[in-house]
Number of protein chains: 2
Amino acid sequence: MANAKRWVYLFTDVKEAESYVNEDWEKVRGLLGGKGANLAEMTRLGLPVPPGFTVTTEGCNAYSAAGAFPEGMWEQMLEALGVLTQQTGGKKLGDPKNPLLVSCRSGAKFSMPGMMDTVLNVGLNDETAEGMVQLTKNPRFVYDSYRRLVEMFGTVVFEIPDEAFHDYLKEYKGQKGYKSDTEMSADDWKVILAYYKDVVKKHKNFDFPQDPYQQVKLVSEAVFKSWNGKRAIDYRRATNIPDDLGTAVNIVTMVFGNMGDDSGTGVVFTRNPATGENVLYGDYLLNAQGEDVVAGIRNTSKIANLIKELPESAKQLDEIIKKLEKHFKDMQDVEFTIERNRLYMLQTRNGKRTSQAAVRVAVDMVDEGLISKEEALRRVRPEDIDALLHPQFDLEEKKKAQANGSLLAKGVNASPGAAVGQIYFSADKAEQMAKEHKQKVIMVRPFTKPDDVHGMLAAEGVLTSEGGATSHAAVVARQFGVCCVVGAEAIKIDLEKKTMTAGGKTLKEGDWISVDGNTGEVFVRPIPTKVPDFDKQGDLLTLLNWADEISASNVRSGENNTPKCGLMVWANADSPLDAKRARAYGAKGIGLCRTEHMFFAPERLPIVQKMILAKTSAERIAALDELLPFQRNDFTGLFEEMDGLAVIIRLIDPPLHEFLPHLEKLIEEVATLKAKGETKGLIEKEAMLANAKRLHEQNPMMGLRGVRLSIVMPEIVQMQVKAIFEAAADCAKKGIKVFPEIMIPLTGHVNELKVIQPKLEDIASAVMKTKGVKFAYKFGSMIEIPRAALTAGEIASLAEFFSFGTNDLTQMTFGYSRDDAEASFLLEYVERGILPKNPFQTLDNDGVGRLIRLAAVEGHKVRPELEVGICGEHGGDPESIKLCFDAGLNYVSCSPFRVPVARLAAAHAALK
Amino acid sequence: MANAKRWVYLFTDVKEAESYVNEDWEKVRGLLGGKGANLAEMTRLGLPVPPGFTVTTEGCNAYSAAGAFPEGMWEQMLEALGVLTQQTGGKKLGDPKNPLLVSCRSGAKFSMPGMMDTVLNVGLNDETAEGMVQLTKNPRFVYDSYRRLVEMFGTVVFEIPDEAFHDYLKEYKGQKGYKSDTEMSADDWKVILAYYKDVVKKHKNFDFPQDPYQQVKLVSEAVFKSWNGKRAIDYRRATNIPDDLGTAVNIVTMVFGNMGDDSGTGVVFTRNPATGENVLYGDYLLNAQGEDVVAGIRNTSKIANLIKELPESAKQLDEIIKKLEKHFKDMQDVEFTIERNRLYMLQTRNGKRTSQAAVRVAVDMVDEGLISKEEALRRVRPEDIDALLHPQFDLEEKKKAQANGSLLAKGVNASPGAAVGQIYFSADKAEQMAKEHKQKVIMVRPFTKPDDVHGMLAAEGVLTSEGGATSHAAVVARQFGVCCVVGAEAIKIDLEKKTMTAGGKTLKEGDWISVDGNTGEVFVRPIPTKVPDFDKQGDLLTLLNWADEISASNVRSGENNTPKCGLMVWANADSPLDAKRARAYGAKGIGLCRTEHMFFAPERLPIVQKMILAKTSAERIAALDELLPFQRNDFTGLFEEMDGLAVIIRLIDPPLHEFLPHLEKLIEEVATLKAKGETKGLIEKEAMLANAKRLHEQNPMMGLRGVRLSIVMPEIVQMQVKAIFEAAADCAKKGIKVFPEIMIPLTGHVNELKVIQPKLEDIASAVMKTKGVKFAYKFGSMIEIPRAALTAGEIASLAEFFSFGTNDLTQMTFGYSRDDAEASFLLEYVERGILPKNPFQTLDNDGVGRLIRLAAVEGHKVRPELEVGICGEHGGDPESIKLCFDAGLNYVSCSPFRVPVARLAAAHAALK
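Values in this document were obtained by computation on a predicted structure and should not be read as measured data. (Residues numbered from 1 in each chain as written. Chains lettered and ligands numbered in written order. Predicted model: local features only at pLDDT ≥ 70, side-chain atom pairs only at ≥ 80, totals over all residues. Heavy atoms only, no water.)

Colleague: Looking at this model, I keep getting lost on the side chain of S880(B). Mind explaining?
Modeller: Residue and element names in this part refer to chain B. With respect to the helices, strands and loops of the structure, S880 is situated in helix 34 (residues 878-886). Looking at S880, its side chain comes within polar contact range of the side chain of D877, at 2.6 Å. When neighbours within four sequence positions are excluded, S880 is seen to be in contact with Q841, T842, L843 and H874. (Helix = DSSP H or I, 4+ residues; strand = E, 2+ residues; numbered from the N terminus. Polar contact = N/O pair within 3.5 Å; in protein donor to acceptor, adjacent residues only side chain to side chain. Contact = heavy atoms within 4.5 Å.)

This is how it looks when you write it as structure tokens:
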């Protein structure tokens, strides 16, 4: 025994838990679990906690490994039970005269509500029950308690299905005409108890164990085993809790809230967990045991009423929980029981809360001087910010819809939000119905193309049956904050018939659906939503300003030669409206303006096509001259909105065939015309087809685009740079502070920059000379080709900034087509754990991350003042933002709607 | 003067050239140029070299930099000219009584024949010409020499076009009725001379310079300038000669072979430069100057006749050149002049030779004890081996064809060789005409697909108008040694009309063309070819065996933990026939057997399609069971051929849609049927179209293929592994030594291997157990995804070997689609110098090479015995082989026809 490990800690002798501010507190919580540590801490604070002890999480792991109690554990538990007898003034396990009853509760380091097992009233047997009747004079209470023990013991320890017990109870009550358990008499419970014991006997071929020590042992084992139950494992997977933490077992002297009207039990939050308001929030029941409150069998009372019913205890409770909140410096979620006017604290923990409450509580607590700004930031998760910014479905309504079979399909949750509307299958129709008929519209397509954007903008939400989280639909939807679900493969869309079908249900044009961009769910009926408002969320604005302070003050430097500044959050914005929104959301610059989106406007596309189909450079330049004023206007608007901040403008990136009708459609059209012998329009179609074929590529993502296109056909980017600098010069003359940064996409070899960059710099100089104005500007490169990252040192010899295009960099580094992978194998990979995350959503650390770090280091070696950021879809993903911070980047750029999330994530990265 | 740099070296005082075996010889050649150094060396050896001196290449660079003679150079030249007066017994520049005439010849470190300038007879003017007439009593000779000077001077120094001189001479001879220059009399030459002087005056507005010193100075400057002439620069680009070497100027006392029948001049090789045979080879002319031999104005005599005409000089020449060959230890190319029975050596250099001669001379010289095997290997270029293995066009005939406008187009030289045949536009027709009608066939297609392979195999050559050096056509053609030109974009193919058109010429089915796979040229008429035979090329076999010895003995190891062995050459082979050929060519293993090629055989493809279209796993397995015996047979044949050597078999790699008809074709067919209202076959076509659409990918190269496919649909690879191990087991039982290595393609994350490899290993064990036999085997991975290289350490935890798939690795690292890039921008990139080489032909060192080195190092750290090789198209490219050697790889694997080239290149890598 002397050599045995210590497995058991009494609440009264936990020295390790001396103070939660002690840096060992995490270790204590690890060893004793959250519940056990807090019970010990409350005991230490002198609060009325029933005597008890904790068997450690190490004990759980030892039990799991050996399949049996490790050496010394049971002996230590027996010893601790002996101490309980002293602490309870002589109550003893199995002693009919003064029986000790205990609860046996699981408690891991991190709260996993409902995932593991608890058994109450352990210690009751036929003898002690009779003793209790004598002591309490309350046979109803005793037999009720005893049958609860048998039921919990039966399901938890013996794994007998719930129904075996409940069905009979229900039947019995029916026969008696009872509507509620409260109508059950002592005798009724006796009948039930007898039946429950028979259930055990029938299932296990032995009697319900009468030995209270055996009861304790069996229940403790069951709690340990429940750590590796399917429910608990699934929960840990979903919440990233490690498997090796184990659960502790807390053995606590039972106190009873069901001993009459001077008794009761309840749950209380120190603040409102839904809104964060600083008022007590909770419920209680008189003459009840804890589970009754949760089970909702009886109508509970609001905690505010307790002062009227049991004023002494209520006052005491109020003092205690205020003390607890101050002590733990967070909103507490407390369980209490009042036994014959005596208050006992059974649990305290940091309360779960809604996103709204999380923000409000954090900000309030800073104002109250309870916690620091840093701690407040740590308390709010990026998901909370996200949730506060997108319309949400009413959860109850959604549950109902799920229950009644309204769930049509599930796809990829591409852009958050909740959209309800009528379905239309083309962008034009969607726009028309939204604009002319003021309908709420959901645009449904197999996939979207750039010329569908007007429909997407008009729609409440977008639903596609193909494509993944970085498909066109997904990217554009996030860009514009439109709720979007993509790749809902179960849905078959018939564009001709204008219907969509899934699971036997067929919906036609104009039918209502609801699309949940947070979960990927699609419902066949409207579900009510709520829309938040950023500007009015004062607490959120306060919190994000603190986040920016933290980021700005967290200056990194060192071996990477990182420029001395914090990680900023910029935004991807293609239009003045985007830019305005980005700035409103707190963006400190534009990290990506995609110029080609400007080419798709209806009045411009024909000019663009004329330019593409031009047979001579002169013809092409003539067409580009027509486009120049449009582009100049676009840029002027951008610079005006971003007065004083940097604007990175990416030169044309996509392959030219994206601006022409789709090849397959043309083939079909020409074949049809030919087969029908129709000549009208045939020549034009054939000419368009010939061009589409000429420009067609087997793998367009790796084709003639970006800087390659600019080298082969420099006229387009020459026009763009002229437009940018003319706009900037005009703005500068009006007193606007412009910081244009020209980004060359798809660079793979420094020689590409050598060929194109000097020509463009000449245009910049020429424009500034002509306009008679000077301003700072930069030329830089996207780093989105693996080779660019691998030769970043060379590229930095010309590029004044790097912007990691992490969508393409991920695509090439993995060899996963962004257009196809998610609809094909990628989601299966994530589901099966082959990939820990979807690398198009969260940056892959080992591959893509390695390239980013390598490029940042080698780029800075060559050009210490190099500006480095990312502008891929990952710029709004917290885990990816952390990676960017660690790699020494200057900014992340994401869609305007993600800016608030990214601001918090950036601060988190700085705090870690 | 004392401080001036030394710019001038007399032939007699070049101490630096003390011996060519001296390790400074390279420096001497660098300083004096090849010609100057060799003249000095011959002087040192006591051979009869006319007195002369060399102005150094440093002088050339100094001149180029300053645009003028550097300090001291002219003074040193004057001083040296004074020494020539002594050495020639009093001949002096400009002295009419005893005039010194000199030649002024360029001479760079590396021979650049015809690229730079030479002027003879410098020193002649009106006065010295008269003196020469007195001295020689040969006015015809003197005026001929003088007009040559004016002509050469005029073109070289004054840059007057040739025609200004030649046209008049031609006209004059016409008027006189002369057919040859030999009919010209002294007076005729006097007339010409006068005219030539007028030409100079007319073009330059001044008289032909009479000052001999000015002549020397001007000519020397012209030679320096010619180093930076366009011709010379282009030549250096093509031959990788650095620009900063400069050329020397050699000033050599004139000797005259045109002083009567006791005089003559000639060029002689110590061995036959066409065949390598060890006999003198060359021509001479009596009473002629050097350029007459080259110009072919008069019919030359074979060198063997000289003994009859000038026996003394002939004997002396024979002795001298034998001495020279022994001294320089290489075949010499010698210029000599006999002036009045006195022999002068004007030049010696290592002779240019054909590929055949290169091999034979190298091998013979080892046999003769002149050079080592290592030196012999160094003397032969990989291109020589290549040239010896593919049918070649007769060069003269090709020149004629070029001259008469038969060149139709130029494409990418995808697979070497020379093919002549009749054109057919489908694989079936090509095969039919070749097999049934025994025609020589060239298959012409816009591009090829796997089901065209039978046509390609039947054809002499393949021509496509689309695709690049790693397109399907190119890869398959190289694989099977079929001559192939791809991406001849100028050619428009009309498959319906069965015609092809380029440059206004239209060819129809059955027309003859010639395709040069070495140059990419396509001709509209048959050009004669020659076919070599590997087995009978004894010298080549000897040389390659030496190469293997060097490779095998060159064991590398060290920080990379490379396994201790040399760089071996393996082959890519898909069939027993391939394997046999590979072994015949000296392959030491199979580095890549592509199993999917086996799926395209006509009797198998329908089963494969049935398997793909299967709706259940059971249906799929049933179809695969049908395929298994076929695959097992394939593998049995392979193992039999490769008895004792490793065979790496790659599991299925391409996406499944490659086995279905092309999507665009199906769209067209279905649209046509529908428009015509035809129902026959419509349902089947529509079903096929639906499947093709389902499997269609935007970017198939980054799609559902390789290990991804195996994870999503494991049945195929399970069948394949079963077939491999059943075949191997059966062979092993027959006493064949089998070393199967199973290669998993497209791995990007170690978890992919974790999912699939154990399952396959179980199948391997099960088969061996059932068959009751055991043999060694390996499971490994392609490294062709950048992420695989970046996480090679993790991957090596499972993979027992790495094979770099450099085609895909290049594709992903650059983001260049293999299917598109060469037809789109890549060749333009190479032409414009944006990329130094086509990275699909020669490995990119900085990007792809970096990944290879990184992966090899990190893989070996985790698994020191890791076998590492490459199996991309680069495995047959000498520069890439060097990179692989330096990266510590164990083998390169290339197409069987490239094996001999690779063997030499591997030895070269080891020798460097």
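Still more ground to cover, so stick around.
Colleague: Teacher, can you tell me more about the relation of the copies chain A and chain B here?
Modeller: Copy one and copy two of the chain differ by a rotation about an axis and a translation along that axis. If you rotate chain A by 180° and push it 0.0 Å along the axis, it lands on chain B with an RMSD of 0.3 Å. These values place the two chain copies in the arrangement generated by a two-fold rotation axis. Minimal C-alpha distance to the rotation axis in chain A is attained by N699(A), lying at 2.2 Å. The overlap is high: 100% of the interface residues of chain A also sit at the interface in chain B, so the same surface is used on both sides. (Least-squares fit on C-alpha atoms with pLDDT ≥ 70 in both.)

Colleague: What should I look at first to understand helix 20 (residues 538-553) of chain B in this one?
Modeller: Three- or four-residue spacings in an α-helix give side chains the same orientation, since the helix completes a turn every 3.6 residues. Residues and elements named next belong to chain B. With 16 residues, helix 20 should reach 22 Å at 1.5 Å per residue; the first-to-last C-alpha distance of 23 Å fits that figure. Of all the positions in helix 20, only L540, L543, L544, W546, A547, D548, I550 and S551 are classed as buried. The secondary structure elements touched by the buried residues of helix 20 are helix 13 (355-367), helix 14 (373-379), helix 15 (382-389) and helix 35 (899-911). (Expected span 1.5 Å × (residues − 1). Buried < 20%, exposed > 50% of the residue type's maximum accessible area, 1.4 Å probe, protein only.)

Colleague: Can you walk me through the sheet that holds strand 2 (residues 52-55) of chain A in this structure?
Modeller: Strand pairing in a sheet relies on backbone hydrogen bonds, with the paired strands running either antiparallel or parallel. Residues and elements named next belong to chain A. With antiparallel pairing, 5 strands are arranged side by side in an open sheet as 1-2-5-3-4. Of all the strands in the sheet, just strand 1 (8-10) and strand 4 (118-122) have a single pairing partner and so form its edges. The sheet shows a mean angle of 20° between the axes of neighbouring strands, taken without regard to direction. Relative to strand 2, strand 1 runs antiparallel, the two being bridged by 3 bridges. Looking across to strand 2, one finds that V8 is bridged to V55. With respect to the sheet, helix 8 (residues 212-226) is in contact with strand 2, strand 3 (102-108), strand 4 and strand 5 (247-253), its orientation differing from that of strand 5 by roughly 150°. (Pairing = 2+ DSSP bridges. Axes fitted to C-alpha atoms, helices over the stretch in contact; angles between N-to-C directions.)

Colleague: Quick question: what am I supposed to make of the pairing of strand 7 (residues 281-286) of chain B here?
Modeller: Within a regular strand, side chains alternate between the sheet's two faces. All names here are of chain B. Looking at chain direction, strand 6 (residues 264-269) and strand 7 are connected through 6 bridges and run antiparallel. Along strand 7, the bridge assignment pairs V267 with D283. The sheet contact formed by strand 7 and strand 8 (residues 301-302) spans 2 bridges and is antiparallel. Paired with D283 across the bridge in strand 8 is K302.

Colleague: Can you help me understand the side chain of E867(A) in this one?
Modeller: Relative to the helices and strands, E867(A) is located in strand 30 (residues 867-870). In contact with E867(A), not counting residues within four places along its chain, are W570(A), I648(A), E741(A), K778(A), E800(A), F801(A), F802(A), N890(A) and Y891(A).

Colleague: Teacher, can you tell me more about the packing of helix 15 (residues 382-389) of chain A against helix 35 (residues 899-911) of chain A here?
Modeller: Helix-helix packing is described using two parameters, namely the angle between the two axes and the distance between the axes. Residue and element names in this part refer to chain A. Remark: helix 15 packs on helix 35, axes separated minimally by 8 Å, with the N-to-C direction vectors making an angle of 165°. Between helix 15 and helix 35, the angle is such that the two are roughly antiparallel. For the pair helix 15 and helix 35, the crossing hand works out as right-handed. In this structure, helix 15 uses P382, I385, D386 and L389 to contact helix 35, whose residues at the interface are P900, V901, L904, A905 and H908. (Parallel < 35°, antiparallel > 145°, perpendicular 65-115°, else oblique. Left-handed = near helix turned anticlockwise from the far one by under 90°.)

Colleague: Sorry if this is basic, but what is going on with unusual backbone geometry here?
Modeller: Apart from glycine, the bulk of residues carry a negative phi angle, and the bulk of peptide bonds sit in the trans form. All names here are of chain A. Positioned with a positive phi, N121 is a non-glycine residue whose angle comes to about 65°. On the secondary structure map, N121 appears in strand 4. On the accessibility criterion, N121 (0% relative accessible area) is buried. The residue E159 is not glycine, and still its phi comes out positive at about 55°. Position of E159 relative to the elements: it lies in the loop between helix 5 (139-156) and helix 6 (163-176). For E159, a relative accessible area of 66% corresponds to the exposed category.

Colleague: Which parts of the structure should I look at to understand the pattern of salt bridges?
Modeller: Residue and element names in this part refer to chain A. What the rule picks out here adds up to 115 salt bridges over all chains. Among the ionic pairs, K771 bridges to D730, the shortest N-O distance being 2.9 Å. Here K771, found in helix 28 (residues 750-771), pairs with D730, found in helix 27 (residues 715-733); they are 41 residues apart in sequence, far enough to count as distant. For K771, a relative accessible area of 24% translates into the label partly exposed. D730 sits in the partly exposed class, given a relative accessible area of 26%. In this structure, a network of salt bridges that share partners links the residues E596, R650, D653, R705, D808 and R818. (Salt bridge = Lys/Arg side-chain N within 4 Å of Asp/Glu carboxyl O.)

Colleague: Even after reading the chapter, I still don't get the interface of chain A and chain B, so can you show me in this structure?
Modeller: A common measure of how large an interface is: the accessible area buried when the components associate. Opposite the 56 residues of chain A that make contact, chain B presents 57 residues. Buried surface at the junction of chain A and chain B, summed over both partners, amounts to about 5,000 Å²; 56% is from carbon and sulfur atoms. Where chain A packs against chain B, one counts 4 salt bridges. In this structure, R850(B) and E858(A) form a salt bridge, with 2.6 Å as the shortest nitrogen-oxygen distance. Where chain A packs against chain B, one counts 32 residue pairs in polar contact (both at pLDDT 80 or more). Elements with a contribution of two residues or more to the side of chain A that touches chain B: helix 24 (663-675), helix 26 (707-712), helix 28, helix 29 (786-790), helix 31 (806-814), helix 32 (821-831) and helix 33 (845-862) of chain A. With 7 residues, helix 24 of chain A is the largest single contributor of residues to the side of chain A that touches chain B. Its residues assigned to classes, the side of chain A that touches chain B comprises 25 nonpolar, 15 polar and 16 charged. (Buried area = accessible area lost by both parts, 1.4 Å probe. Nonpolar A, V, L, I, M, F, W, Y, C, P; charged D, E, K, R; others polar.)

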